[in-house]
Amino acid sequence: MGILLPVSGVVPLAFALALAVCASAGASARTIDVVIEHFAFMPAQIEVMPGDAIVFTNRDITPHTATATDGSWTTKDIASGKSEAIVIPAKGDGAYFCKYHPVMKGRLTIKPP
Amino acid sequence: MKSRITFALAVVGLTAMIASPPYAADPLSDVEIAHAAYTADDLDIAYAKIALEKSKTSAIREFAELMVKDHTAANQAALALVKKLGVTPKDNAFSQALVKNGEAKKAELRGLSGAAFDKAYAQNELAYHQVVVKTVAEQWIPTIQNAEFKKFMTDANEIFRVHQAHAQHMVDGLK
């Protein structure tokens, strides 16, 4: 399961990400931004490696989540204007969605390190 | 204005929902639209709370919970915007008709139970969102003067479109 980082605001987000990424994957891990806007994840498909962090930022009015279809990880509710981050697990299908608005779908292609 | 709104309602067979309201001849102003949009959100939250009291069907309850969550968020964002813009939403005939007919619909829903309630709630949600989406897109957004408010209502209508699709799925699932 990915490490869920309940964060909001730039400073605590950066701090939490730094701790999590260093702890889980070393210095080569990347931080990737995914914007939620117009009821879509953008970009909808990204290539990642285990240990990379994804920061989901919600620009819609309503709360959303990013939740793995296989149930292996989820963010908390992401309120409008807020961000939540996960760290990519070693394994997983990569498909994810918003549990409130299942029409919203994204996919992570998880490549080996 | 009256004829345009009546047409929007007639599209989904809801003409009786707002019977002969005393609409003004001119389009609603920004502050009147803000009031009507907030009222419409509030009304759908009220319907959802009735559903959460009466229904044991998971699909109905999940939809109702989503309506409470999303429409509450929309109204909070609307309040934040009107505060930022320094304006006060203005009550109007459209809002009053929504309230009046909403009370009748709530009474109707409260009088139902079981499968009959589920069907009535689901169909009302579909029809309600169809009317709202059409009204916002065709009547309100084109006439809104403030650019920030126009963007807000455009974004809000995305929510309502998603709800409409979800409601259609809910109705189909009950057949």
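What comes next concerns the included structure. Here the structure is a predicted model, which means the values were calculated and not measured.

## What to know about the overall build of chain B
Helix and strand counts for chain B stand at 6 helices and 0 strands. The N-to-C order of helical and strand elements in chain B reads α-α-α-α-α-α. Out of the 175 residues in chain B, the part that is buried amounts to 49%. In chain B, once contacts between residues fewer than 6 apart in sequence are set aside, the share between residues at least 24 apart is 81%.

## Regarding the interface of chain B and chain A
The extent of an interface is frequently quoted as the accessible surface area lost upon association of the parts. Taken together, the contacts link 12 residues of chain B with 10 residues of chain A. Of the roughly 980 Å² buried between chain B and chain A on both sides combined, carbon and sulfur atoms contribute 73%. Interface area lost by chain B to chain A is led by K69, E158 and V162 of chain B, which between them contribute 44%. Run the count over chain B and chain A and you get 1 salt bridge. Between K69 of chain B and D77 of chain A there is a salt bridge, and its shortest N-O distance comes to 3.2 Å. Looking at the side of chain B that touches chain A, the elements with two or more residues in it are α3 (58-85) and α6 (147-174) of chain B.

## Topic: the pairing of strand β7 (residues 83-87) of chain A
Residues and elements named next belong to chain A. Taken across its 5 residues, β7 has 5 buried, putting it largely inside the fold. Here β7 shows no split at all, with S83, A85 and V87 on one side and E84 and I86 on the other all buried. Direction of pairing for strand β5 (residues 53-58) relative to β7: antiparallel, over a ladder of 5 bridges. Its bridge partner being in β7, F56 is matched across the sheet by E84.

Criteria and thresholds
Residues numbered from 1 in each chain as written. Chains lettered and ligands numbered in written order. Predicted model: local features only at pLDDT ≥ 70, side-chain atom pairs only at ≥ 80, totals over all residues. Heavy atoms only, no water. Helix = DSSP H or I, 4+ residues; strand = E, 2+ residues; numbered from the N terminus. Buried < 20%, exposed > 50% of the residue type's maximum accessible area, 1.4 Å probe, protein only. Contact = heavy atoms within 4.5 Å. Buried area = accessible area lost by both parts, 1.4 Å probe. Salt bridge = Lys/Arg side-chain N within 4 Å of Asp/Glu carboxyl O. Pairing = 2+ DSSP bridges.

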